[in-house]
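In case you want the letters, here they are:
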Amino acid sequence: MFNGTYYIETYGCQMNEHDSEKMAAMLEDLGMAQVWSAEDADVVVINTCSIREKAEHKVYSALGKLKHLKRKNPGMVIAVAGCVAQQGKSGLLAKIRHLDAVVGTHRIGELPEIVRRVQQRGERIEASDFSPDVASLHIPAPRKGRSPVCSYVTIMQGCSNFCSYCVVPYTRGPEQSRPLQEVVVEVEALANSGVREVTLLGQNVNAYGKDLGDGTSFVRLLDELDGVPGLSRIRFTTSHPKDFSEALAERMASLGSVCEHIHLPLQSGSDRVLLAMGRGYTRARYIEKIETLRRKVPGAAITADIIVGFPGETEEDFNQTMLALEEIRFDQIFSFKFSQRPGTRARNLPDQVPDEEKSARLAKVHELQDRITLEYHRDAEGSVYEILIEGIKHESGQVFGRTRTNKIVNVSLSDSVRTGDLTRVKITKGLKHSLFGEFV
Ligand code: 5AD
Ligand code: SF4
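**Things to note about the site of ligand 2**
Taken together, C159, N161, F162, C163, Y165, C166, V168, P169, Q203, H240 and R279 are the residues near ligand 2. For the shell around ligand 2, the per-class residue count stands at seven nonpolar, three polar and one charged.

The following block contains the structure:
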């Protein structure tokens, strides 16, 4: 059965990448074949991100480029999914005349039906209401994931925290957890089909299970998953510092498959700014939690997100962030200029920081963190790590994989190594963004 071609362009986070994998699987079930350019496609899906204004701009420019393709090929179906779809709703259809469908974050399971209605009846469709029992939450992770041996697994969707700067609670709805048994069955099936590593996905995985009201918790889920036959590694993202518990640090130490890495967004080192962000912790409290983690899990890698230029952030507040970065020494961070998002409380706060100032602060954060990351990578030289081989780069004659602490390691190709192997590698060179090693 050949039913045309599809192309999916993805912006944003791992949640979006995974949603795209699910949409791809659904279109393949219709008999469609994936292509790698919109020009060759009968169905184009733009899966969008609206976390910052820049991400949203990229979406509109991607959509703009499709206009002439649609003119050449009027039968082409163009759909927008993800966070921009969720926020734009029918307004997007009104504004973008060559758009056929808007598919909200809770509605991606309806994509095949939507495509069919557009193709057969020429309808223009908006499907963006939230549903109380998010059907999309139960769509299984397809086996054709990001690598033959690594897979994402959704454990919850949405966020109920309403940090003052963030659109996610509006674009993804309130926290909703997937039943524990459903997650376990999915992970077992993935492991059965050759997956060695899963990354459990949620906006705030530490809150997993709270909404189910049956005593389910994130650490219980980890306890259950640790025994899945064939599964070597469990990762998870994102964690919220206010919900990070000693029990989780203990699981990271005691459960063999749970990797020693946590992504724990700090956002700011200034208590005044943290309060205005509505984060629910102080810098001291955050550092206490990290100390607990490092005591229980020596060598654990910690990464974070940082926002510079939140409204009212003074030079002194910013210095507190720089000092926190020096003190904590994250393995890696993702840092962003504050962006005013529609509907959020921080959008209309006074004392917005000028863009040049934000850029200058961001550059300082980059410079500091690059130095720290490089120091970690240099320190790793001479040490031996367990690597899961994720793939082979034939052009450069290298294989690549990650340490349990989530650092990418490239190794010269060896005939005896296969994707999915757990091997031991000695680090020979620490670079800014990766490590180079040799098999031992
Ligand atoms: N401006 C800048 N960065 C933001 N983030 C979320 N909302 C905004 C915003 N309005 C960042 C946070 C979050 C990461 C996913 O994106 O650091 O942890
Ligand atoms: Fe956004 Fe805060 Fe929820 Fe993270 S915890 S998704 S930053 S509202």
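**Topic: the nonpolar core**
Counting residues in each nonpolar core, the largest one holds 57 residues, and the members touching the most others are I155, L200, F218, Y286 and F330. A total of six residues in this core trace back to one element, the largest contributor, which is helix α6 (residues 180–192).

**Observations regarding the domain arrangement of the protein**
The domain architecture assigned to the protein consists of domain 1 (5–127), domain 2 (140–259), domain 3 (263–379) and domain 4 (384–439). Listed by partner, the interface residues are 20 residues for domain 2 and 25 residues for domain 3. Buried area between domain 2 and domain 3, both sides added, is near 1900 Å², and the carbon and sulfur share of it is 64%. Looking at the side of domain 2 facing domain 3, the largest losses of area belong to S164, Y165 and P241, adding up to 38% of the total buried there. Between domain 2 and domain 3 we count two salt bridges in total. A salt bridge links K296 to E250, with the shortest nitrogen-to-oxygen separation between them at 3.4 Å. Taken together, the links from domain 2 to domain 3 amount to 15 residue pairs in polar contact (both at pLDDT 80 or more). When residues of the side of domain 2 that touches domain 3 are assigned to their parent elements, the largest contribution, five residues, is made by helix α8 (residues 246–254). Taken together, the residues that form the side of domain 2 that touches domain 3 break down as eleven nonpolar, five polar and four charged.

**Here we look at the sheet that holds strand β18 (residues 422–430)**
The strand order around the closed barrel formed by five strands is β15-β16-β17-β19-β18, and the pairing between neighbours is mixed. Pairwise comparison of adjacent strand axes, ignoring direction, gives a mean angle of 50° for this sheet.

**Focus on the sheet that holds strand β11 (residues 233–237)**
The three strands are arranged β7-β10-β11 in an open sheet whose pairing can be described as parallel. Only two strands of the sheet have a single neighbouring strand rather than two, namely β7 (150–154) and β11. Recorded for the sheet is a direction-independent mean angle of 25° between the axes of neighbouring strands. Those strands touched by α6 are β7 and β10 (197–201), and its axis lies near 165° from that of β7.

**Points about the packing of aromatic side chains**
For the structure shown, the criterion picks out five aromatic pairs. Summarising the aromatic geometry, the rings of F162 and Y170 are spaced 5.4 Å apart at their centres and angled 75° between planes, so their arrangement reads as edge-to-face. Assessed through its relative accessible area of 35%, F162 is described here as partly exposed. Accessibility expressed as a relative area gives 34% for Y170, which makes it partly exposed.

**Comments concerning the site of ligand 1**
Around ligand 1, the structure places I51, R52, Y165, Q267, D305, I307, F336, K337, F338, S339 and R341. The separation between a nitrogen atom of ligand 1 and a polar main-chain atom of Y165 is 2.9 Å. Taking S339, its main chain carries an N or O atom lying 2.8 Å from a nitrogen atom of ligand 1. When the free accessible area of ligand 1 is taken as 400 Å², the share hidden by the protein chains comes to 86%. At the level of elements, β13 (301–308) and β14 (332–337) are the ones that each hand at least two residues to the shell around ligand 1. Grouping the constituent residues of the shell around ligand 1 by class yields five nonpolar, two polar and four charged.

**Remarks on the pattern of salt bridges**
Under the defined criterion, the tally for this structure stands at 32 salt bridges. The partner of R178 in a salt bridge is E186, and the shortest N-O contact between them spans 2.5 Å. Comparing R178 with E186 shows no difference in burial state: the two are buried. Through salt bridges that share partners, E197, R233, R235 and E386 make up one connected network.

**Details of the side chain of R279**
Take R279: it is sitting in the loop between α9 (271–277) and α10 (283–296). Here R279 sits buried without a salt bridge, and the closest side chain of opposite charge, D305, lies 7.3 Å off (N-O distance). With residues near it in sequence (within four places) discarded, R279 still touches C163, Y165, H240, P241, K242, P265, Q267 and L274.

**Structural notes on the pairing of strand β17 (residues 408–412)**
Where strand β16 (residues 398–402) meets β17, five bridges bridge the pair, whose relative direction is antiparallel. Looking at β17, one finds that R402 is bridged to I408. Between β16 and β17, which pair antiparallel one after the other, the connecting turn spans five residues, and N406 there sits at a positive phi close to 70°. Looking at chain direction, β17 and strand β19 (residues 435–439) are connected through three bridges and run parallel. In the strand pairing of β19, V411 is matched with G437.

**Digging into the packing of helix α2 (residues 53–72) against helix α3 (residues 82–95)**
Each pair of packed helices can be described by the angle between their axes along with the distance between the axes. Relative orientation of the contacting elements α2 and α3 amounts to 35°, with a least axis distance of 13 Å. Considering the relative orientation of α2 and α3, their crossing is right-handed. For the pair α2 and α3, the contacting residues are E56, V59 and Y60 in the first and V84, L92 and K95 in the second.

**Thoughts on α8**
The set of residues buried in α8 consists of L248, A249, R251 and M252. All buried residues of α8 fall inside an arc of 160° around its axis, so they share one side. Against α7 (218–225), β11, β12 (261–263) and α10 lie the buried residues of α8.

**Looking at the environment of M32**
Inspection of the secondary structure puts M32 in the loop between α1 (14–29) and β2 (33–34). Taking the C-alpha atoms as reference, M32 lies 15 Å from V118; in sequence the two are 86 residues apart. Here M32 is in contact with N3, G4, T5, Y6, L27 and V43, once residues within four sequence places are set aside.

Conventions we followed
- Residues numbered from 1 in each chain as written.
- Chains lettered and ligands numbered in written order.
- Predicted model: local features only at pLDDT ≥ 70, side-chain atom pairs only at ≥ 80, totals over all residues.
- Heavy atoms only, no water.
- Near = heavy atom within 4 Å.
- Nonpolar A, V, L, I, M, F, W, Y, C, P; charged D, E, K, R; others polar.
- Core = buried A, V, L, I, M, F, W, Y, C linked by side-chain atoms within 4.5 Å.
- Buried < 20%, exposed > 50% of the residue type's maximum accessible area, 1.4 Å probe, protein only.
- Helix = DSSP H or I, 4+ residues; strand = E, 2+ residues; numbered from the N terminus.
- Domains from an automatic or database assignment.
- Contact = heavy atoms within 4.5 Å.
- Buried area = accessible area lost by both parts, 1.4 Å probe.
- Salt bridge = Lys/Arg side-chain N within 4 Å of Asp/Glu carboxyl O.
- Polar contact = N/O pair within 3.5 Å; in protein donor to acceptor, adjacent residues only side chain to side chain.
- Pairing = 2+ DSSP bridges.
- Axes fitted to C-alpha atoms, helices over the stretch in contact; angles between N-to-C directions.
- Phe/Tyr/Trp six-rings, centres within 6.5 Å; stacked < 30°, edge-to-face > 60°.
- Areas by Shrake-Rupley, 256 points an atom, 1.4 Å probe, with all protein chains shown as cover.
- Lys, Arg positive; Asp, Glu negative; His and termini not counted.
- Left-handed = near helix turned anticlockwise from the far one by under 90°.
- Arc of directions from axis to C-beta.

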